[in-house]
Each structure stands twice: as structure tokens, then as C-alpha cells.
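Breakdown of the fold
Residues per chain are reported as follows:
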Amino acid sequence: MMKRYLIERDIPGIGGFSREQLKAVAGKSNDVLARLSRKVQWVQSFVAADKTFCIYLAESETFL
């Protein structure tokens, strides 16, 4: 059974990033997820001034 986790990341200025810069940040996260196989599933992300908040499903927090 997979549990829901919220990950908070500090990324200074991300709230002012362009669409292309946000895509680059998301691309890096997607690369990491691809290496974890099906143990982690991204659900949704939110961007604030200097932070991102991402919701993931995972078997345990050790996969995050």
C-alpha cells in the first residue's frame, strides 16, 4: 500500500521562474523518479515564492 507524502523544497526565487525554468526543475525531479521505478509516484506540485511543495505516493519515506 502506498502512502501520501508532502515534500517541501527550498528553491530561492522559484516563484518568479519562467515556464522554461520551471520545466527544467520538473525535469530533474522526473529523472530521479524514473530511476526509482514504480516505488514513487508524483501526484501534484505547488510553487510559492521560495519553495515548492510536492505530493508523492510512495511505499515508505525511505524512497523520497
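Small disclaimer: the values here were computed from a predicted structure and weren't measured.

What follows concerns the confidence of the model for the chain. On average, the chain scores 91 in pLDDT, and the residues at 70 or more come to 98%. Across the chain, element-level confidence peaks in strand β1 (residues 3-10) with a mean pLDDT of 95 and bottoms out in helix α1 (residues 19-35) with 90.

Before going further, it helps to examine the pattern of salt bridges. Applying the stated rule across the entire model yields 2 salt bridges. Across the salt bridge formed by lysine 51 and glutamate 8, the nearest N and O atoms sit 2.6 Å from each other. Placement of the pair is lysine 51 in strand β3 (residues 51-58) and glutamate 8 in strand β1, with a sequence separation of 43 residues. Owing to a relative accessible area of 26%, lysine 51 belongs among the partly exposed residues under this scheme. With its nearest N and O atoms 2.5 Å apart, the salt bridge here joins aspartate 10 to lysine 51. Separated by 41 residues along the polypeptide, aspartate 10 in strand β1 and lysine 51 in strand β3 bring together distant segments of the chain. Here aspartate 10 falls in the exposed class, since its relative accessible area comes to 57%. Through salt bridges with shared partners, a single ionic network connects Glu8, Asp10 and Lys51.

With that settled, consider the pairing of strand β2 (residues 40-47). Relative to β3, β2 is paired through 7 bridges, and the arrangement is antiparallel. The residue of β3 that forms the bridge with serine 45 is cysteine 54. Hairpin geometry of β2 and β3 is characterised by an intervening segment of 3 residues between the two adjacent antiparallel strands.

As a rule of thumb, nonpolar side chains are buried together in soluble globular proteins. Ranked by size, the top nonpolar core spans 6 residues in total: Tyr5, Leu33, Val40, Cys54, Tyr56 and Ala58. For this core, the leading source of residues is β3, giving 3 residues.

Within the open sheet, the 3 strands sit side by side as β1-β3-β2. Their pairing is antiparallel. Two strands close off the open sheet at either side, each with one partner strand: β1 and β2. Between one strand axis and the next, the sheet turns through 20 degrees on average, direction left out of account. Taken together, the 8 bridges between β1 and β3 define a ladder with antiparallel strand orientation. What sits directly across from tyrosine 5, in β3, is tyrosine 56. Together, β1, β2 and β3 form the strand contacts of α1, whose direction differs from that of β2 by roughly 160 degrees.

Thresholds applied
- Residues numbered from 1 in each chain as written.
- Predicted model: local features only at pLDDT ≥ 70, side-chain atom pairs only at ≥ 80, totals over all residues.
- Heavy atoms only, no water.
- pLDDT = per-residue confidence, 0-100.
- Helix = DSSP H or I, 4+ residues; strand = E, 2+ residues; numbered from the N terminus.
- Salt bridge = Lys/Arg side-chain N within 4 Å of Asp/Glu carboxyl O.
- Buried < 20%, exposed > 50% of the residue type's maximum accessible area, 1.4 Å probe, protein only.
- Pairing = 2+ DSSP bridges.
- Core = buried A, V, L, I, M, F, W, Y, C linked by side-chain atoms within 4.5 Å.
- Axes fitted to C-alpha atoms, helices over the stretch in contact; angles between N-to-C directions.
- Contact = heavy atoms within 4.5 Å.

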